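Here are the chains, one letter per residue:
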Amino acid sequence: EPEVTQTPSHQVTQMGQEVILRCVPISNHLYFYWYRQILGQKVEFLVSFYNNEISEKSEIFDDQFSVERPDGSNFTLKIRSTKLEDSAMYFCASTPERVSETQYFGPGTRLLVL
Amino acid sequence: GESVGLHLPTLSVQEGDNSIINCAYSNSASDYFIWYKQESGKGPQFIIDIRSNMDKRQGQRVTVLLNKTVKHLSLQIAATQPGDSAVYFCAEKGSGGYQKVTFGTGTKLQVIP
């Protein structure tokens, strides 16, 4: 069964450094998302992406964040200057088509900012 | 504020018993609800969904009930197994494939062997 994959599984970085989290959505999916989950808390929406544009973003997704789909398979989340509070699990998700409701989540990248 | 929330943070159930996990929502305009299961160190896994024009939907060993009058939904797991131990989130989503999922805070289900 096709799956959303994410790399790396774990990332440790120094405060102020840039990180890029990578996702490979399920092939032929059209809508892509990033969520984050701070330890012990609920999953929070960051951004949705469709047709090479951001469809919606939350207030968490400030100017330090950006997303990109550089080729036909990868979907990336960049944090330009990481802060301690960016430490969280970051999940990528994708949806196959407009009428489909189910979002398929990847296994996540655990980001630790020191 | 939150549009979905759960009643209990932790639920302990004996193996073989049925589990019921409850969730309340506040937005009466919500029309699509999802239950996700999250095992430790993994991403949310879709379990079952229900639209607001339904009050019950069944899957394999799982049933979701929706009471729009009191804005409440529940997830019932029949014959709970150790593999069911996880955090369960109810979530709502707007219509359309592009809409974000809004998660509740989660209930941790512990299955006692």
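Please refer to the structure placed before this passage.
Residues numbered from 1 in each chain as written. Chains lettered and ligands numbered in written order. Predicted model: local features only at pLDDT ≥ 70, side-chain atom pairs only at ≥ 80, totals over all residues. Heavy atoms only, no water.

Undergrad: Describe in detail the packing of aromatic side chains, supporting the description with residues and values.
TA: All told, the structure shown has 15 aromatic pairs over all chains when counted by the stated rule. Measuring from centroid to centroid gives 5.1 Å for A:Y35 and A:F105, while their planes differ by 50°, and the two rings are tilted. Linking A:Y35 in strand 4 (residues 31–37) with A:F105 in strand 10 (residues 104–105), this pair joins segments that are 70 residues apart in sequence. The exposure classification of A:Y35 matches that of A:F105, with both residues buried. Among the aromatic side chains, those forming a connected cluster through ring pairs are A:Y33, A:Y35, A:F45, A:F105, B:Y36, B:F46, B:F89 and B:F103. (Phe/Tyr/Trp six-rings, centres within 6.5 Å; stacked < 30°, edge-to-face > 60°. Helix = DSSP H or I, 4+ residues; strand = E, 2+ residues; numbered from the N terminus. Buried < 20%, exposed > 50% of the residue type's maximum accessible area, 1.4 Å probe, protein only.)

Undergrad: An account of the interface of chain B and chain A is requested, with residue identities and associated values reported.
TA: Taken together, the contact between chain B and chain A spans 24 residues of the former and 21 residues of the latter. Surface buried jointly by chain B and chain A totals about 1,800 Å² across both partners, of which 53% is contributed by carbon and sulfur atoms. Taken together, chain B and chain A are joined by one salt bridge. For B:K100, the salt bridge goes to A:E56, with nearest N and O atoms at 3.4 Å. (Contact = heavy atoms within 4.5 Å. Buried area = accessible area lost by both parts, 1.4 Å probe. Salt bridge = Lys/Arg side-chain N within 4 Å of Asp/Glu carboxyl O.)

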